[in-house]
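Structural overview for review
Listed below are the residues making up each chain.
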Amino acid sequence: MGTSRKHVVVFRKIPDDLLGRIAERHDVVVADPRRADELPRFRDALRDACGLIGSSYKLGASELAEAVNLRVISSISVGVDNYELPFLKQRGITLCHTPGVLTETTADTVFALIIATSRRLVELSNHVREGRWTRNIGDDLFGWDVHGKTLGVLGFGRIGQAVARRAALGFEMPVIYHDPFDVPVPAVLDGRVQRASFDDVLARADIVALTLPLSDETRGLMDARAFATMKPGAIFVNGSRGAIVREDALLAALDSGHLRAAGLDVFAVEPLPHDSPLRSHPKVTPLPHIGSATHETRRAMAELATENLLRVLDGAAPVSAFDLSRI
Ligand code: DGY
């Protein structure tokens, strides 16, 4: 096991005690490349870096080409779409991520969007805040039930299953799901969920929740055809990645009245540009990518990412490497 000090670049804020843990063992540069004033320092530090830890920054092959000593990227995220996987594979760089610790929190966020869109929570809260609650509301402001509705889950990985568990066990919702892989159904959901084709899920669900990872296969998957296949009056919720959705097609489906509402935690471009029609569309409940953003979960993610980084730099196996042999 290697014990010598190595160069580490921390490119996203992590708690001080974890930063201290890394700095005890290695030489650390903290630089956030999303800040113009820190980008040159980040680029400079890359040249010596053996390890990188951070998230929410697209690390392209041309930038990483400079990092000739790089051995590990420890991402504080479960999604790995910010990294060029073939490049990492070819260079033999270990990519670690943080699955598991954020599953329940992200499923909570997806479910919050399901309830918020169906019951029009944000719109009606604004009704009160803006002083428009001057008499009892009428059916023009009623929402739609969540319990008992059919939920379609696209992507039956950890998060999709956690959403399905909330729906089936907590809200008595029939759940249908589609996943490109033959995922085993956990015992707790046995007999409570049904596998279906992609089109079948779209056609039968009252609410469709997207929990697929972004990849070459899923980019743009929710296009005009997919939205047209959804049931008239259905609700669409996205808790995974914005680029899986053709936002122009989603807007058209909302504007035509084909879809009732959309709850979106993620967007093709983040932060959502000011002039995006999704920002203030009356049928859209937008969130600023908060899937895993609780104190407890972000702490757990940073801890796991720190552990992964230190292990790889020590020559040991990380807790959660992304399997680059899959690509
Ligand atoms: C994840 O962990 O992938 C979250 O979406 C944060 O980026």
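For the structure itself, look to the data block above.
So, a few notes on the structure that sits alongside this text. (Residues numbered from 1 in each chain as written. Predicted model: local features only at pLDDT ≥ 70, side-chain atom pairs only at ≥ 80, totals over all residues. Heavy atoms only, no water.)

The environment of the ligand is made up of Ser 77, Val 78, Gly 79, Leu 102, Arg 241, His 289 and Met 301. Val 78 is positioned such that a nitrogen or oxygen atom in its backbone is 2.7 Å from an oxygen atom of the ligand. Here an oxygen atom of the ligand sits 2.8 Å away from a polar atom, N or O, in the main chain of Gly 79. For the ligand, the protein covers 84% of the area, taking 240 Å² as the surface of the free molecule. Among the residues forming the shell around the ligand, the class breakdown is three nonpolar, three polar and one charged. (Near = heavy atom within 4 Å. Polar contact = N/O pair within 3.5 Å; in protein donor to acceptor, adjacent residues only side chain to side chain. Areas by Shrake-Rupley, 256 points an atom, 1.4 Å probe, with all protein chains shown as cover. Nonpolar A, V, L, I, M, F, W, Y, C, P; charged D, E, K, R; others polar.)

This brings us to the sheet that holds strand 11 (residues 259-264). Here seven strands make up an open sheet; going across it, the order is 8-7-6-9-10-11-12 and the pairing parallel. Unpaired on one side and paired on the other, strand 8 (193-195) and strand 12 (284-286) mark the two borders of the sheet. On average, adjacent strands in this sheet sit at an angle of 15° to one another, irrespective of strand direction. Summarising the sheet, strand 10 (residues 234-238) and strand 11 pair through five bridges and their orientation is parallel. Looking at strand 11, one finds that Phe 236 is bridged to Ala 262. In the packing of helix 5 (residues 103-118) onto the sheet, the strands contacted are strand 6 (151-154), strand 9 (207-210), strand 10, strand 11 and strand 12, and the crossing angle to strand 10 comes to about 150°. Sheet strands touched by helix 10 (residues 247-255): strand 10, strand 11 and strand 12. Its angle to strand 11, the strand with the most contacts, is close to 140°. (Pairing = 2+ DSSP bridges. Helix = DSSP H or I, 4+ residues; strand = E, 2+ residues; numbered from the N terminus. Axes fitted to C-alpha atoms, helices over the stretch in contact; angles between N-to-C directions. Contact = heavy atoms within 4.5 Å.)

Once that is clear, we can look at the packing of helix 1 (residues 16-25) against helix 11 (residues 295-313). Interaxial distance between helix 1 and helix 11 falls to 10 Å at its minimum, and their mutual angle equals 5°. One finds that helix 1 runs roughly parallel with respect to helix 11. Packed against helix 1, whose contacting residues are Asp 17, Leu 18, Arg 21 and Ile 22, the element helix 11 presents Arg 299, Ala 302, Glu 303, Thr 306, Glu 307, Leu 309 and Leu 310 at the interface. Looking at the contact of helix 1 with helix 11, its residues break down into five nonpolar, one polar and five charged. (Parallel < 35°, antiparallel > 145°, perpendicular 65-115°, else oblique.)

This next bit is on the side chain of Asn 238. In this structure, Asn 238 sits in strand 10. In this structure the side chain of Asn 238 is engaged in a polar contact, spanning 2.9 Å, whose partner is the backbone nitrogen of Ser 240. Setting aside anything within four residues of it in sequence, one finds Asn 238 in contact with Leu 113, Leu 210, Val 245, Gly 263, Leu 264, Asp 265 and Val 266.

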